[in-house]
Amino acid sequence: MPLDIHLFPCLDDNYGVLIHDPATGATASIDAPDADDVRAALAEKGWTLTHILVTHHHHDHVGGIQELKSETGCKVIGPKGEAQKITGIDETVAEGDTLNFGKADVHVIETPGHTLGHVTYYIPSNAVAFAGDTLFAMGCGRIFEGTPEMMYASLQKLAALPGDTRVYCGHEYTLSNGRFALTIEPENAALKKRMAEVEALRVEHKPTLPTTIAAELATNPFLRAHVPAIQERLKMTGAPAWQVFAEIRERKNRG
Ligand code: ZN
Ligand code: FE
């Protein structure tokens, strides 16, 4: 039986995600941006929280942990590299670890760059990944703690997942990411088509997530630093892809 996945807006532009295993009743919150929002989503679905899977230590991802943990006794799992920064962690995980959630195996992929300990949770049996603030639809997280080379390597790990993998991200940044992407690759037909779809969704305040790895490979400039047309536009033909990535990230920061 596949997992049930419930996506809901939190705070200003964050997303909360609940994953529920109907066979066992296990329910995990991916991060805990806000206790009230997560609690309301649980009530709406009639699910009881058993786990919180933390991607990284930023407040808009961990702010609700303590309240939710004290109310439900749920188990809090988070990155080993940030355990000191996340209050309430019960179990730490690192690259290559596998967690049992209900009947599903959750694989841990370290994706440092936005923060040094950031992890992505990947569930191959359900073809789904929870990427926190590493990969966004048509974008990527700001590099607060790591280096561009490190962030590029993290994104490449996600790019290597099967194309049909659904990706849930920590924020609804898709519209502004897409507008920026068009400045890098104005001739990309897949990107133009996707932007039209995204604009229509946002007019109705609908989420643009989840995305897929295949959609990101076709439209996300941060996964396309190797593409000759992009290198040419940036006057970086033949440069290492991570350097092209770094230039794109710089331009986005200035934008
Ligand atoms: Zn963050
Ligand atoms: Fe965030």
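Residues numbered from 1 in each chain as written. Chains lettered and ligands numbered in written order. Predicted model: local features only at pLDDT ≥ 70, side-chain atom pairs only at ≥ 80, totals over all residues. Heavy atoms only, no water.

**Things to note about the sheet that holds strand β6 (residues 91-93)**
- Strands sit in the order β1-β2-β3-β4-β5-β6 across an open sheet of 6 strands; the sheet is mixed. Each edge of the open sheet is held by one strand with a lone partner, namely β1 (4-10) and β6. Within this sheet the neighbouring strands show an average axis-to-axis angle of 20 degrees, counted without direction.
- Bridge count between β1 and strand β2 (residues 14-20): 7 bridges; the pairing is antiparallel. Counted as the bridge partner of Leu 7 is Val 17 from β2.
- Strand contacts of helix α1 (residues 35-45): β1, β2 and β3 (27-30), with the helix running at about 140 degrees to β1, the strand carrying the most contacts. (Pairing = 2+ DSSP bridges. Helix = DSSP H or I, 4+ residues; strand = E, 2+ residues; numbered from the N terminus. Axes fitted to C-alpha atoms, helices over the stretch in contact; angles between N-to-C directions. Contact = heavy atoms within 4.5 Å.)

**Describing helix α4 (residues 148-159)**
- Look at α4: 16 Å from first C-alpha to last across 12 residues, which is about the 16 Å you get at 1.5 Å a residue.
- Every buried residue of α4 is listed here: Met 151, Tyr 152, Ser 154, Leu 155, Leu 158 and Ala 159. Within α4, the buried residues cover an arc of 160 degrees as seen down the axis, which keeps them to one side. (Expected span 1.5 Å × (residues − 1). Buried < 20%, exposed > 50% of the residue type's maximum accessible area, 1.4 Å probe, protein only. Arc of directions from axis to C-beta.)

**Concerning the coordination of the zinc ion (ligand 1)**
- Distances from the zinc ion (ligand 1) to its protein donors, His 56 (NE2), His 58 (ND1), His 114 (NE2) and Asp 133 (OD), fall at 2.2 to 2.3 Å.
- Viewed at the metal, the 4 donor atoms of the zinc ion (ligand 1) are separated by angles of 86 to 172 degrees, and the geometry they form is irregular.
- Between consecutive donors of the zinc ion (ligand 1), the numbers of intervening residues give the motif H-x1-H-x55-H-x18-D.
- The iron ion (ligand 2) is placed at 3.2 Å from the zinc ion (ligand 1), the two being bridged by Asp 133. Remark: Asp 133 occurs in the loop between β10 (128-130) and β11 (135-136) and His 56 occurs in the loop between β4 (51-53) and α2 (59-62); sequence separation between them is 77 residues. (Donors = N, O, S within 2.8 Å, 3.2 Å for Na, K, Ca; no water. Tetrahedral: all angles 85-135°; square planar, octahedral: opposite > 155°, others 65-115°.)

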